[in-house]
Amino acid sequence: MASPLIPSPGLSRPSDAPASGASGSTFYWPMLLLPRSKRAAMFGIYAYCRRLDDIADEPGDPAVKRRELDQWRRDIHGLYRGDAPTSPILAALKGAIDRYGLPRAEFDALIDGMAMDIPSPSGDGGMRAPPLCTLRLYCRRVAGAVGHLAIRVFDRADSDTEIFATSLGEALQLTNILRDLDEDAAMGRLYLPREMLDAAGIAESDPAAVLAHPKLEAACTALARRAEGCFGAAERALDRCPRRGRLWAALAMMILYRRLLARLMVRGWAGHRRGVRIGKREAAWVTIRCTLGHPPAR
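Residues numbered from 1 in each chain as written. Predicted model: local features only at pLDDT ≥ 70, side-chain atom pairs only at ≥ 80, totals over all residues. Heavy atoms only, no water.

Engineer: Tell me about the pattern of salt bridges, and name the residues and values.
Structural biologist: Side-chain pairs of opposite charge can arise where the charged atoms are in close proximity. Applying the stated criterion to the full structure yields 23 salt bridges. Ionic pairing is found between Asp-112 and Arg-73, a salt bridge with its closest N-O pair at 2.8 Å. One end of the pair, Asp-112, is in helix H5 (residues 104–115); the other, Arg-73, is in helix H3 (residues 62–81), and 39 residues separate them in sequence. Relative accessible area serves as the criterion here: at 27%, Asp-112 is assigned to the partly exposed category. Glu-228 is paired through a salt bridge with Arg-258; the nearest N and O atoms lie 2.7 Å apart. On the criterion of sequence distance, the pair formed by Glu-228 in helix H11 (residues 216–239) and Arg-258 in helix H12 (residues 248–267) is long-range, its members being 30 residues apart. Accessibility expressed as a relative area gives 26% for Glu-228, which makes it partly exposed. Three or more residues joined by partner-sharing salt bridges are found here, namely Arg-73, Arg-104, Asp-108 and Asp-112. (Salt bridge = Lys/Arg side-chain N within 4 Å of Asp/Glu carboxyl O. Helix = DSSP H or I, 4+ residues; strand = E, 2+ residues; numbered from the N terminus. Buried < 20%, exposed > 50% of the residue type's maximum accessible area, 1.4 Å probe, protein only.)

Quick look at the structure:
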């Protein structure tokens, strides 16, 4: 699933930023004010994630998609063996890996997560009303892995920052899911977990049928409450970090996404689901406040 999009901030693009995509994302603002080396590393990670996301989301033969993901895995493994990078994305990742000691397992996890969105050769697969345990694994792979890479760029990894990264990653991804129900359904995907659908009295797994169901609101509200619980767990872990000031960019992301979740809950999911977003001025203001060490209330 793509990162949440906001209008382009309209600022001149740093030379190490991606040519497109990042400037339209909530991701852009917290990354923009990082020191140059950290910003370059994060934009490299972003470009890698976006490429994998495009492979999973664009139309095409599932077998071809899997081969493309496998090639990215081989290319990443090659960087750790000392191979020369063969593309700008790989060059940016090599610099980040060498400078910040990024673990290969997290890059592999991202590939594994994107593969979960691709139907299997038998026609099964993709994400349709998965069990909650499968959804949590998906979140850990596609969002938690980014968090585990980011904490090493921002500062360092320890037990509390890793709990923070995992909890925040799940919270962000669940918020994405609740925002993008219609977009995902158009691709045949439904990330609402089976347990919450059953509890709401929804037996269907077909995305269109579920989104038209009169009890959809109950299932979405249950998932929103789980997302809020994950935000709370991330906040508590962050409070235990003695060097939390170095994680200000992640804190800005947490505040922005938490506000997005709150607005989704006010809007609800029944009937017409008008778009909900974070405006560029608000995103910039939150980011600057976090940079200065005075984060606004969520």
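Engineer: Describe the packing of helix H2 (residues 36–57) against helix H4 (residues 88–100), with residues and values.
Structural biologist: The contact between H2 and H4 brings their axes to 8 Å, and the two run at 130 degrees. By the criterion of interaxial angle, the relationship of H2 to H4 is oblique. Taken as a pair, H2 and H4 cross one another with a handedness that is left-handed. In this structure, H2 contributes Ser-37, Lys-38, Ala-41, Gly-44, Ile-45, Ala-47, Tyr-48 and Arg-51 to the contact, and H4 contributes Ile-89, Ala-92, Leu-93, Ala-96, Arg-99 and Tyr-100. The residue inventory of the contact of H2 with H4, partitioned by class, reads nine nonpolar, two polar and three charged. (Axes fitted to C-alpha atoms, helices over the stretch in contact; angles between N-to-C directions. Parallel < 35°, antiparallel > 145°, perpendicular 65-115°, else oblique. Left-handed = near helix turned anticlockwise from the far one by under 90°. Contact = heavy atoms within 4.5 Å. Nonpolar A, V, L, I, M, F, W, Y, C, P; charged D, E, K, R; others polar.)

Engineer: Summarise the nonpolar core; cite the residues concerned and give the values.
Structural biologist: Membership of the largest hydrophobic core comes to 95 residues, with the highest contact counts inside it found for Tyr-48, Leu-102, Phe-154, Phe-164, Leu-178 and Leu-192. Sequence-distant contacts of Leu-102, that is, excluding residues within four places in its chain, are made with Ile-45, Tyr-80, Ala-96, Ile-97, Phe-107, Leu-149, Arg-152 and Val-153. (Core = buried A, V, L, I, M, F, W, Y, C linked by side-chain atoms within 4.5 Å.)

Engineer: How would you explain H4 if you had to name every residue and give the values?
Structural biologist: With 13 residues, H4 extends 18 Å between its outermost C-alpha atoms, agreeing within 8% with the 18 Å of an ideal straight helix rising 1.5 Å per residue. Residues of H4 that are buried include every one of Leu-90, Leu-93, Ala-96, Ile-97 and Tyr-100, and no others. Viewed end-on, H4 has its buried residues packed into an arc of 120 degrees, placing them on one side of the element. Facing away from the buried side of H4 by more than 90 degrees, the exposed set consists of Pro-88, Asp-98 and Arg-99. For H4, the secondary structure elements touched by its buried residues are H2, H3, H5 and helix H6 (132–154). (Expected span 1.5 Å × (residues − 1). Arc of directions from axis to C-beta.)

Engineer: So what's going on with the packing of aromatic side chains? Residues and values would help.
Structural biologist: Counted under the stated rule, the structure contains three aromatic pairs. On the numbers, 5.4 Å between centres and 80 degrees between planes, the contact of Tyr-48 with Phe-107 is edge-to-face. You can see Tyr-48 sitting in helix H2 and its partner Phe-107 sitting in helix H5, a full 59 residues away along the chain. Side by side, Tyr-48 and Phe-107 carry an identical accessibility label, which is buried. Here the aromatic rings of Tyr-138 and Tyr-191 are separated by 5.3 Å at their centres, their planes lie at 35 degrees, and the arrangement is tilted. Of this pair, Tyr-138 sits in helix H6 while Tyr-191 sits in the loop between helix H8 (181–186) and helix H9 (194–200); the two residues are 53 residues apart in sequence, bridging distant segments of the chain. For the pair shown, Tyr-138 and Tyr-191 are each scored as buried. Pairwise contacts between aromatic rings join Tyr-48, Trp-72 and Phe-107 into one cluster. (Phe/Tyr/Trp six-rings, centres within 6.5 Å; stacked < 30°, edge-to-face > 60°.)

Engineer: I'd like to hear about a nonpolar patch on the surface, residue by residue, with values.
Structural biologist: On the surface, Leu-33, Ile-288 and Leu-292 cluster together into a nonpolar patch covering about 290 Å² of accessible area. For Leu-33, the location among the structural elements is in the loop between helix H1 (28–32) and H2. (Patch = residues over 30% accessible without salt bridge, like charges linked within 9 Å, V, L, I, M, F, W, Y side chains within 5 Å. Areas by Shrake-Rupley, 256 points an atom, 1.4 Å probe, with all protein chains shown as cover.)

Engineer: An account of H3 is needed here, citing residue identities and associated values.
Structural biologist: Relative to the 28 Å expected for 20 residues at 1.5 Å per residue, H3 spans 29 Å between its end C-alpha atoms, a close match to the ideal helical length. Of the positions making up H3, those classed as buried are Lys-65, Leu-69, Trp-72, Ile-76, His-77, Gly-78 and Leu-79. The inward-facing, buried residues of H3 contact H2, H4 and H5. N-capping of H3 is provided by Asp-61, with a side-chain oxygen placed 2.9 Å from the backbone N of Ala-63. Downstream of H3 by a residue or two, Gly-82 has a phi angle that is positive, lying close to 100 degrees. (Polar contact = N/O pair within 3.5 Å; in protein donor to acceptor, adjacent residues only side chain to side chain.)

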